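Now for the letters of each chain:
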Amino acid sequence: MIEIIGRGPTARALKELGHETVGEANLERVMAAVASQVPLLVVLDGVEGLPEQLDAFGQRVAEIASAATAPTRVIVDQSQPVLWQSLRNWIYPPSLLVEVERLEKDLVLAEAASL
């Protein structure tokens, strides 16, 4: 299952392929996927907010991903430094975080296939 958070170009491309976008403030679907123990790939693309909001959001996403028992990965673009650093600070184990220089649809689909 791929959950997309944000409105960036990769998020739009994945939505065109039939993947739904989860609102930044609505993490219930992500939490439900974690609870149902399905493999999960969370894609953070074009997430916007004040630095404090992004830090808190990154912490929340990291907590949810860290609680997963099924294969889980969080992909974040390094061009979002506050969100990227927040995830690095809070996610455990660190292997759950996939850091990329540039987020691309094919990279996301390949990562999803590897779960």
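That block above? That's the structure.
Rules of the game
Residues numbered from 1 in each chain as written. Predicted model: local features only at pLDDT ≥ 70, side-chain atom pairs only at ≥ 80, totals over all residues. Heavy atoms only, no water. Helix = DSSP H or I, 4+ residues; strand = E, 2+ residues; numbered from the N terminus. Rg over C-alpha atoms; globule rule 2.2 N^0.38 Å. Buried < 20%, exposed > 50% of the residue type's maximum accessible area, 1.4 Å probe, protein only. Contact = heavy atoms within 4.5 Å. Areas by Shrake-Rupley, 256 points an atom, 1.4 Å probe, with all protein chains shown as cover. Lys, Arg positive; Asp, Glu negative; His and termini not counted. Charge placed at Lys NZ, Arg CZ, Asp CG, Glu CD. Pairing = 2+ DSSP bridges. Right-handed = clockwise from strand over helix to strand, strands pointing away. Salt bridge = Lys/Arg side-chain N within 4 Å of Asp/Glu carboxyl O.

Asker: So what's going on with the overall build of the protein chain? Which residues, and what values?
Answerer: The secondary structure content of the protein chain amounts to 5 helices and 5 strands. Each helix (α) and strand (β) of the protein chain, taken in turn from the N terminus, gives the series β-α-β-α-β-α-β-α-β-α. The globule rule puts the C-alpha radius of gyration for 115 residues at 13 Å, and the 12 Å found for the protein chain is close to it. With the C-alpha coordinates aligned to their principal axes, the bounding extent of the protein chain is approximately 30 × 30 × 25 Å. Sorting the 115 residues of the protein chain into buried and exposed places 42% on the buried side. Within the protein chain, residue pairs in contact and separated by at least 24 positions form 69% of the contacts whose partners lie at least 6 positions apart. Carbon and sulfur atoms form 52% of the exposed surface of the protein chain, whose accessible area is close to 6,200 Å². Between the averaged position of the 9 positive side-chain charges in the protein chain and that of its 16 negative side-chain charges there is a distance of 4 Å.

Asker: Quick one: what's the story with the pairing of strand β4 (residues 72–77), residue by residue and with numbers?
Answerer: For a regular strand, side chains alternate in direction, first toward one face of the sheet and then toward the other. Within β4, 5 of the 6 residues are buried, leaving the element largely enclosed by the surrounding structure. The sheet contact formed by strand β3 (residues 40–44) and β4 spans 5 bridges and is parallel. Bridge pairing links Leu44 to Val76 in β4. Handedness of the β-α-β unit built from β3, helix α3 (residues 51–66) and β4 comes out right-handed. Here 4 bridges tie β4 to strand β5 (residues 97–100), and the two strands are oriented parallel to one another. Among the inter-strand pairings, Val74 is bridged to a residue of β5, identified as Leu97. One crossover worth recording links β4 to the parallel β5 by way of helix α4 (residues 81–90), and it is right-handed.

Asker: How would you sum up the pattern of salt bridges? Please name residues and give values.
Answerer: Applying the stated rule across the entire model yields 4 salt bridges. Among the ionic pairs, Arg73 bridges to Glu111, the shortest N-O distance being 3.8 Å. Here the residue Arg73 occupies a position in strand β4, and Glu111 occupies one in helix α5 (residues 105–113), the gap between them amounting to 38 residues. For Glu111, a relative accessible area of 18% corresponds to the buried category.

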